[in-house]
Amino acid sequence: MNQNPNWWQQAVIYQIYPRSFADSNGDGIGDLPGIIEKLDYLQKLGVDAIWLSPVCRSPQYDNGYDVSDYQDIDPLFGTLEDMDRLIAEAKKRDIRIILDLVLNHTSHEHPWFLEAKKSRDNPYHDFYIWREAKPGEPTDGSIADFGYGAWQWVPEVEQFYYYQFSVWQPDLNWSNPKVRQALYDMINWWTDRGVGGFRLDVVDHLGKEPMRHIGKAGPKLHDYVREMSAAAFRRPGLVTVGEAWSANTESAKLYSNPDGSELSMVFQFEHILLDQTPEGEKWDLAPLPLVAFKRVMERWQRELHGCGWNSLFYENHDLPRIVSRWGDEGKCRVESAKMLAILLFGMEGTPYIYQGQELGMTNIHLGLEDYDDIETRNMIAARRKAGYSDESILRSAYGRSRDNARTPMQWTAGENAGFTTGAPWLPVNENHREINAEAQADAPDSIFACYRALIALRKANPVITAGEFRLLLPEDEDLFVYVRDDGKSRLLVVCNFRGHEVPNPFEAETAAMTRLIGNYDSPMGAALRPYEAAMFLEQI
Ligand code: GLC
Ligand code: CA
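Scope of this entry: the structure provided in the associated data block. What you are looking at is a predicted structure, and each value in this text was computed from that prediction instead of being measured.

## A look at the site of ligand 1
Here comes step 1: Taken together, the neighbourhood of ligand 1 is formed by 13 residues, with D62, D201, E243, H317 and D318 sitting nearest.
Here comes step 2: The contact in question runs from an oxygen atom of ligand 1 to an N or O atom on the side chain of D62, over 2.5 Å.
Here comes step 3: For ligand 1, an oxygen atom lies 3.2 Å from a polar atom in the side chain of R402.
Here comes step 4: When isolated, ligand 1 has an accessible area of 310 Å², and the protein chains bury 97% of it.

## Observations concerning the coordination of the calcium ion (ligand 2)
Here comes step 1: Coordination of the calcium ion (ligand 2) by the protein is provided by D23 (OD), N25 (OD1), D27 (OD), I29 (O) and D31 (OD), with metal-donor distances spanning 2.3 to 2.4 Å.
Here comes step 2: Sequence spacing of the donors to the calcium ion (ligand 2): D-x1-N-x1-D-x1-I-x1-D. Like D23, the residue I29 is buried in the burial classification.

## Some remarks on the sheet that holds strand β12 (residues 311-312)
Here comes step 1: The 8 strands lie next to each other as β11-β10-β9-β5-β2-β1-β13-β12, forming an open sheet whose pairing is parallel. Of all the strands in the sheet, the pair left with one neighbour each is β11 (265-267) and β12.
Here comes step 2: Pairing geometry for strand β5 (residues 96-101) and strand β9 (residues 197-200), over 4 bridges, is parallel. Bridge pairing links L99 to F198 in β9.

## Observations regarding the packing of aromatic side chains
Here comes step 1: Evaluation of the coordinates by the stated rule reveals 34 aromatic pairs.
Here comes step 2: Taking 4.6 Å as the distance between ring centres and 25° as the angle between the ring planes, the aromatic pair formed by Y61 and W168 counts as stacked. Placement of the pair is Y61 in the loop between β3 (56-57) and β4 (69-73) and W168 in the loop between β8 (159-163) and α5 (177-193), with a sequence separation of 107 residues.
Here comes step 3: Among the residues examined, W168 registers a relative accessible area of 30% and is labelled partly exposed.
Here comes step 4: Here the aromatic rings of F267 and Y352 are separated by 5.1 Å at their centres, their planes lie at 85°, and the arrangement is edge-to-face. Linking F267 in strand β11 with Y352 in strand β13 (residues 350-354), this pair joins segments that are 85 residues apart in sequence. For the pair shown, F267 and Y352 are each scored as buried.
Here comes step 5: Taken together, the ring pairs connect F293, Y314, W326, F469, F480, Y482 and F497 into an aromatic cluster.
Here comes step 6: Seen from the ring of W7, R96 lies directly overhead, with NZ or CZ sitting 3.9 Å from the centre.

## Some words on the pattern of salt bridges
For side chains of opposite charge, pairing can occur when their charged atoms come near one another.
Here comes step 1: As enumerated under the stated definition, the model contains 43 salt bridges in all.
Here comes step 2: One salt-bridge network, held together by shared partners, links D62, K282, D318, D373, E375, R402 and R406.

The rules behind these values
Residues numbered from 1 in each chain as written. Chains lettered and ligands numbered in written order. Predicted model: local features only at pLDDT ≥ 70, side-chain atom pairs only at ≥ 80, totals over all residues. Heavy atoms only, no water. Near = heavy atom within 4 Å. Polar contact = N/O pair within 3.5 Å; in protein donor to acceptor, adjacent residues only side chain to side chain. Areas by Shrake-Rupley, 256 points an atom, 1.4 Å probe, with all protein chains shown as cover. Donors = N, O, S within 2.8 Å, 3.2 Å for Na, K, Ca; no water. Buried < 20%, exposed > 50% of the residue type's maximum accessible area, 1.4 Å probe, protein only. Pairing = 2+ DSSP bridges. Helix = DSSP H or I, 4+ residues; strand = E, 2+ residues; numbered from the N terminus. Phe/Tyr/Trp six-rings, centres within 6.5 Å; stacked < 30°, edge-to-face > 60°. Lys NZ or Arg CZ within 6 Å of the ring centre and 35° of its normal. Salt bridge = Lys/Arg side-chain N within 4 Å of Asp/Glu carboxyl O.

Rendered as structure tokens:
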């Protein structure tokens, strides 16, 4: 293992959505023994750590983001012994395991909540957030959907509890020091068991103050994160990454302060939210404005340089497949998937690969009734009620549903893509016959091979970790070009974002440089071919 305490700055992290990765026992749901069987594949790819989406005990209303026991594994996924074995087997391959910590809320079936709702003087009552009914207010159903936050009536205590996500995910009361201490003890218990780090689910919500109408980042947020860091994260080599939808570059410098007072890095979404209509929400699709995208990436690259650390990603279990989104899932699937990879992997930060991204997996088209995800189902119900046509609702779901990323991993061209011998919990994408790991893992010009080579390049070239970032041609509508420079070498990354030829202003300059990687066999010419991309290096 890399002993450098900041090993994660040179690392690449692979995210596994356990439910959809590999099923070892034929029940149609991926599990921990399934992951263990695939560790050789991940070692071959070259990743340094695996971020596991939640595997703790959970009634699975939000696929594990509703935890009912933080210190046990859900039987769907295996046992604590399986987890110990996964940690040990991964370690043999120099891979660390990063757990997903859901600290903002628990499941409504967590023993703390079962106690809390028994009576107002129960010792756990104050673990959650409650309020009295206002005069004349109906004290029956709840008021809102996933994503907005609302209050749910509990007749036993004659109070409402607060929830930010679904009604089955009551929010913990972070202003109660007993809650915080119980969570820190739990985190330390996992670290003692050998996990290498934590991803903090919606960390920016921990300081919210719903009684004062303060959402997300409340005034105490960074105090809490610093307290948690002092209590649980100061272990040698432990990596922590905070999911923060609301982060800007200023708050990111707090979250990822290099003094280690909060977290190792931030996982923020400014770049990935650019392709929706200005007034709309995620379901209202719009083309990516390339110039704005470049500006956002540049701002994060420059402002965090030397004073913070960012994650580099396009996909996760909540986002659609990038090749369907910003590339071309048809004729130029391979070229565009590689272009997007080359573009991201030359930047400063820690790259994340979401399972199947390394194969260029695409979105899926399901029927309106076949969506499983709670958020998508709520959108379908709300938009039907609001009078949207089925056709427009389907378009939104095809473009943005979280199920796009959650279809089973495509291992082979065979039945169920080799994911399970049973009936998969979510349909397998038909295109597994062409797009699968078996076909790509040993093919020299596959998307897998491109990711593998990019991971190796990051390790071999310090300029990719530490060089200063400079955007070229900021106003160009077709090309994304940038330079990294650490005083010793200069890296140039040239990407054509379009599916047609575009004049190449860098032909002469790049002819004199070493080409590290590209997505076409032959050198760049006077015109960049569709989605053409390459990385070049020179010593200075
Ligand atoms: C995060 C997770 C998402 C989950 C939500 C509530 O955004 O990534 O999957 O539904 O938090 O825990
Ligand atoms: Ca299983």
